[in-house]
Amino acid sequence: MALHDLKNELSSILANTKVETYGRLTQVCEVLQRSISYYNWVGFYFANHEAQTLHLKAFAGEPTDHIVIPFGKGICGQVAVSNENFVVPDISAQDNYIACSITVKSEIVVPLFKNGKNIGQIDIDSHAPDPFSKEDELFLEWVNEQVAEIIEVP
Ligand code: SME
């Protein structure tokens, strides 16, 4: 599917107020996982800044044990504090990594900002070695900007 069509599909899902917010995010994860061959697990974690933890709120792919991740732990936890994209071409080269499945070879985590604050992230695992490009980063930043529009933060 062309990126333009994929963006349109994601925008329609996010605009559908008949589905509750995290239901829409689950649909976004499902569409991303289905549409891009090397996106094998797709999830959104959101931060609890008081507890300094990330919480899995929507995903597509194999269920994971890692539904709560402390800030600083793993690739996700590092992005919670760095506020920067983290592209991991080869997870075996990372010391601070939380393994979800032995089939995962690479990962990308892009922070999600609302009103300038890092409130969560999109996390994608791939079974392919080194599949993520700058185009993925820009696309996932775009996805997170759209998601930020529908997330209510206190
Ligand atoms: N690998 C991640 C943990 C989350 S799973 O990929 C679903 C990490 O190191 O933070």
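Calculation criteria
- Residues numbered from 1 in each chain as written.
- Predicted model: local features only at pLDDT ≥ 70, side-chain atom pairs only at ≥ 80, totals over all residues.
- Heavy atoms only, no water.
- Pairing = 2+ DSSP bridges.
- Helix = DSSP H or I, 4+ residues; strand = E, 2+ residues; numbered from the N terminus.
- Axes fitted to C-alpha atoms, helices over the stretch in contact; angles between N-to-C directions.
- Contact = heavy atoms within 4.5 Å.
- Phe/Tyr/Trp six-rings, centres within 6.5 Å; stacked < 30°, edge-to-face > 60°.
- Buried < 20%, exposed > 50% of the residue type's maximum accessible area, 1.4 Å probe, protein only.
- Lys NZ or Arg CZ within 6 Å of the ring centre and 35° of its normal.
- Salt bridge = Lys/Arg side-chain N within 4 Å of Asp/Glu carboxyl O.

**Q** Just give me the short version of the sheet that holds strand S5 (residues 106–114), but keep the residues and values in it.
**A** The strand order across the open sheet built from 6 strands is S3-S2-S1-S6-S5-S4, with neighbouring strands paired in antiparallel fashion. Of all the strands in the sheet, just strand S3 (68–70) and strand S4 (86–88) have a single pairing partner and so form its edges. In this sheet, neighbouring strand axes are inclined to one another by 25 degrees on average, regardless of whether the strands run parallel or antiparallel. Looking at chain direction, strand S2 (residues 53–60) and S3 are connected through 3 bridges and run antiparallel. Bridge pairing in S3 places His55 opposite Val68. Relative to S5, helix H4 (residues 134–150) is tilted by about 35 degrees, and along the sheet it contacts strand S1 (41–48), S4, S5 and strand S6 (117–126).

**Q** Pulling in residues and values, what's your account of the packing of aromatic side chains?
**A** According to the stated counting rule, one finds 7 aromatic pairs in the structure shown. Between Tyr38 and Phe132, the aromatic rings sit 5.9 Å apart at their centres with planes inclined by 65 degrees, giving edge-to-face as the arrangement. With a gap of 94 residues between them, Tyr38 in the loop between helix H2 (21–35) and S1 and Phe132 in the loop between S6 and H4 connect regions that are remote in the sequence. On the accessibility criterion, Phe132 (10% relative accessible area) is buried. Every member of this aromatic cluster is reached through a ring pair, and the members are Tyr22, Phe44 and Phe46. Sitting over the face of the ring of Tyr22, Lys57 holds its NZ or CZ atom 5.9 Å from the ring centroid.

**Q** Before we move on, could you go through the pattern of salt bridges and cite the residues and values that matter?
**A** One pass over the structure, following the stated rule, counts 2 salt bridges. For Glu9, the salt bridge is made with Arg34, and the minimal N-O distance between the two is 3.9 Å. In this pair, Glu9 is assigned in helix H1 (residues 3–15) and Arg34 in helix H2, connecting sequence segments 25 residues apart. The partner of Glu137 in a salt bridge is Lys134, and the shortest N-O contact between them spans 3.8 Å. Separated by 3 residues within a single helix, Glu137 and Lys134 lie in helix H4, roughly one turn from each other.

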